[in-house]
Amino acid sequence: MATRIQILVEDKNFKPELEGEHGLSMLVEGEGIRFIFDCGQTGMAWRNAEKLGVDLTKIKTAVISHAHYDHGGGFTELLKYARIKTLYTGEKFFDKKFSWDGTKYVFKGVRLTTQDLERLHITNKICGEMVQLDEKIFLVGKFNRTYEFETVPDKFFIGRAKKKLPDDFGDEICMAIRGDDGLSVVAACSHVGILNIVSTVSERFNEPVTRLVGGVHLLNADDERIDKTVAELKNLGVRDFKLCHCSGENVCAKVNSET
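Residues numbered from 1 in each chain as written. Predicted model: local features only at pLDDT ≥ 70, side-chain atom pairs only at ≥ 80, totals over all residues. Heavy atoms only, no water.

Details of helix α5 (residues 194-205)
Compared with the 16 Å implied by 1.5 Å per residue over 12 residues, the 17 Å span of α5 between its first and last C-alpha is a close match. In terms of burial, α5 is a largely internal element, 10 of the 12 residues being buried. By the burial criterion, the buried members of α5 are Ile194, Leu195, Asn196, Ile197, Val198, Ser199, Thr200, Val201, Ser202 and Phe205. The positive-phi residue at the C-terminal boundary of α5 is asparagine 206, with phi of around 55 degrees. (Helix = DSSP H or I, 4+ residues; strand = E, 2+ residues; numbered from the N terminus. Expected span 1.5 Å × (residues − 1). Buried < 20%, exposed > 50% of the residue type's maximum accessible area, 1.4 Å probe, protein only.)

Here is the structure:
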């Protein structure tokens, strides 16, 4: 069985009857496993799922790629539809996330704690370097920071009320999917850098990544950064791009014009 991915919500309403919001959520179906990858920021993904005829009631597993509101904010609403028993996250997921807007710190995280999961009888499984979910689907984290120009913007912080530290996005994870036509990476937001993500996955599987799906966080990048990134992705083996969410129209136009 080929792995199937269905987008439930992203920044644009990709079908006229659906709603869109800044965020990302996908339904993933593989060999004996069916789970949610990211939850959007509200509950819009689950309303869209109903419109798409997706039955959420039997889904017991969710994955949240990192602890930003637009990827994990809809998790508590998901519990009204699905009986989640297992939540996969990266390390440091429960660190509080903030963004500096020039005058103050703004909370950008997910209002979810380990105590909440215990109360709800949900098991939190941590992805370090790699976790296998089925025969073809893996979660990957702890990415190598190979590309020096892929830096995290200095506006992102983690911490508590009186102590903030730069956020290195140590909680970020992605999906890697083996298929008959090659290895695919499904990235949610790529805060650690999409080249760092793709090169790490390729190294751990000892094969090139041929397809890239999701967000690459180049929304505000200049043409030089986009050109350099796309060229290196292709050098690494990526030939098929299915980009959305935080990727930005310029990078989408770039890969579409060259493929």
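Digging into helix α1 (residues 44-51)
Of all the positions in α1, only Met44, Ala45, Trp46, Asn48 and Ala49 are classed as buried. Residues of α1 that are buried sit in contact with β1 (4-9), β2 (25-29), β3 (34-39) and α3 (75-78). Positive backbone phi, approximately 80 degrees, marks glycine 53, located one or two places after α1. (Contact = heavy atoms within 4.5 Å.)

Observations regarding the packing of aromatic side chains
Using the criterion set out here, one finds 7 aromatic pairs in the structure. Ring geometry for tyrosine 105 and phenylalanine 157: centres 5.3 Å apart, planes at 85 degrees, overall edge-to-face. Residue tyrosine 105 is found in strand β7 (residues 105-107), and its partner phenylalanine 157 is found in strand β11 (residues 156-159); the two are separated by 52 residues along the sequence. The class of phenylalanine 157 is buried, set by a relative accessible area of 15%. (Phe/Tyr/Trp six-rings, centres within 6.5 Å; stacked < 30°, edge-to-face > 60°.)

Let's talk about the packing of α5 against helix α6 (residues 223-236)
Their axes nearest at 10 Å, the elements α5 and α6 cross at an angle of 5 degrees. By the angle between their directions, the pair α5 and α6 is classed as roughly parallel. Listed contacts from α6 to Ile194, Leu195, Val198 and Ser199 of α5 are Thr229, Glu232, Leu233 and Leu236. (Axes fitted to C-alpha atoms, helices over the stretch in contact; angles between N-to-C directions. Parallel < 35°, antiparallel > 145°, perpendicular 65-115°, else oblique.)

Quick notes on the pattern of salt bridges
Under the criterion given, the structure shown has 16 salt bridges. A salt bridge links lysine 97 to aspartate 167, with the nearest nitrogen and oxygen atoms 2.6 Å apart. Linking lysine 97 in strand β6 (residues 97-100) with aspartate 167 in the loop between β12 (164-166) and β13 (173-179), this pair joins segments that are 70 residues apart in sequence. You can call lysine 97 buried: its relative accessible area is 2%. The class for aspartate 167 is buried, based on a relative accessible area of 5%. Across the pair lysine 104 and aspartate 101 runs a salt bridge, and its minimum N-O distance is 2.9 Å. Salt bridges sharing common partners tie together Asp181, Arg211, Asp240 and Lys242. (Salt bridge = Lys/Arg side-chain N within 4 Å of Asp/Glu carboxyl O.)

Some remarks on the environment of alanine 221
Considering the arrangement of structural elements, one finds alanine 221 in the loop between β15 (209-214) and α6. Overall, alanine 221 belongs to the buried group, its relative accessible area being 18%. With 30 residues separating them in the primary sequence, alanine 221 and valine 251 have C-alpha atoms 8.8 Å apart.

A look at unusual backbone geometry
Of note in the backbone geometry, lysine 92 takes a positive phi value of approximately 65 degrees without being a glycine. Following the sequence through the fold, lysine 92 ends up in the loop between β5 (86-90) and β6. Judged by relative accessible area, lysine 92 falls into the partly exposed class, the value being 45%. Residue asparagine 206 is not a glycine yet carries a positive backbone phi of 55 degrees. With respect to the secondary-structure elements, asparagine 206 resides in the loop between α5 and β15. Take asparagine 206: its relative accessible area is 70%, and that puts it in the exposed class.

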